[in-house]
Amino acid sequence: MTLLGFDLEGQVIRPPAEAESLLLQATLGCSHNRCAFCPAYKGKRFGFKAPERLRQAMDHAAAHMPMLRRVFLCDGDALILPQKRLETLLTDIRQRLPQVARVNAYANAKALARKSDADLRRLRELGLSTVYLGLESGSDAVLADMNKWGDVAEHLRQANRAKNAGLRLSVTVLLGLAGLGKHGSPAEKHARATGQVLSRMDPEQASALALMVAPGTPLFERARQGGFTPQDDAGLLHELLWLLEETSLTGGLFFSNHASNPLRLRLRLPRDKQAGLDAVRQALAGKTALTPRAYRRL
């Protein structure tokens, strides 16, 4: 994964859509960092990056990247920054990188909950465009089992507040998060509930990733001890089918094109919904080759 950034500490994660964005590491790690499935920031202590270091990174980009048009704020929940620091950061981007047309950021429900409605509107006024929210599951039982911050109602509430403030919403969900299972199992309940919640959120973009149980996570240890069995490929395809069956967006994009997925789709809903369902059924029937597991990655 190519990263466009300067003065980056440790592992840095970005969404696939931010491949051409300058990465500004406003925070280090994740303020929650207790999700059982997530390996991203386990070895990184949470903190804020000094504003002067961010300004130096912007000035470097201004000098060496004149064609730069996009900035992405990371690490895991950049919006957890205090409001004044965020306002200053967005103002600095405008002043130092005037050619930048879009600033996006990760924003978990915890971070959004700490901002007032006026705060969110002000961030939009200062140039923040899209926030990436990790829903992961529409099942309260699965969210609790994975130690995710906030229940489904909280994620719905914060997603709606972000949209009401004028921010574009990109929501990620995880196939396989309920473990191995087919029809009538917790896996089906997880997938269908997740599609229903996505429909209620109605984001501009939704992305389904496939769970990969990573070493160093609590979930990996549970799996090693027999307390969690990862979903197989047939199960992941069934979950994708159930998820799509329940998902209704008003013109939003739906992706399963992350490198972790066995079947990669790029759909505009509702226009392409039937084509997506047909593609999954073709894969389940063995008529479409899946991405080999050796080529899948986080």
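Procedures and definitions
Residues numbered from 1 in each chain as written. Predicted model: local features only at pLDDT ≥ 70, side-chain atom pairs only at ≥ 80, totals over all residues. Heavy atoms only, no water. Salt bridge = Lys/Arg side-chain N within 4 Å of Asp/Glu carboxyl O. Helix = DSSP H or I, 4+ residues; strand = E, 2+ residues; numbered from the N terminus. Buried < 20%, exposed > 50% of the residue type's maximum accessible area, 1.4 Å probe, protein only. Core = buried A, V, L, I, M, F, W, Y, C linked by side-chain atoms within 4.5 Å. Contact = heavy atoms within 4.5 Å. Phe/Tyr/Trp six-rings, centres within 6.5 Å; stacked < 30°, edge-to-face > 60°.

1. Quick look at the pattern of salt bridges
And then number 1: Under the counting rule described, the total for this entry stands at 23 salt bridges.
And then number 2: Note that Glu154 and Arg157 form a salt bridge whose closest N and O atoms lie 2.3 Å from each other. Note that Glu154 and Arg157 are positioned in helix α6 (residues 152-164) at a spacing of 3 residues, about one turn of the helix.
And then number 3: On the basis of relative accessible area, Arg157 is assigned to the partly exposed category, the value being 42%.
And then number 4: In this structure, Lys182 and Asp232 form a salt bridge, with 3.0 Å as the shortest nitrogen-oxygen distance. Of this pair, Lys182 sits in the loop between β8 (168-175) and α7 (186-201) while Asp232 sits in the loop between α8 (218-224) and α9 (233-246), placing them 50 residues apart in sequence.
And then number 5: Residue Asp232 is classed as partly exposed on the basis of its relative accessible area of 30%.

2. Some words on the nonpolar core
And then number 1: Leu24, Leu73, Leu79 and Ile93 are the most contacted members of the largest nonpolar core, which has 66 residues in total.
And then number 2: A per-element tally of this core places α9 first, with 6 residues.
And then number 3: Look past the residues within four positions of Leu73 in its chain and what remains in contact with it is Leu24, Ala78, Leu86, Leu89, Ile93, Val103, Asn104, Ala105 and Tyr106.

3. Considering the packing of aromatic side chains
A ring pair, where both rings are aromatic, is described by two values, the distance of the centres and the angle of the planes.
And then number 1: The tally for this structure, following the rule as stated, stands at 4 aromatic pairs.
And then number 2: Ring geometry for Phe72 and Tyr132: centres 5.7 Å apart, planes at 80 degrees, overall edge-to-face. Here Phe72, found in strand β5 (residues 70-74), pairs with Tyr132, found in strand β7 (residues 128-136); they are 60 residues apart in sequence, far enough to count as distant. Side by side, Phe72 and Tyr132 carry an identical accessibility label, which is buried.
And then number 3: Geometrically, the ring pair formed by Tyr106 and Tyr132 is edge-to-face, given 6.1 Å between the ring centres and 70 degrees between the ring planes.

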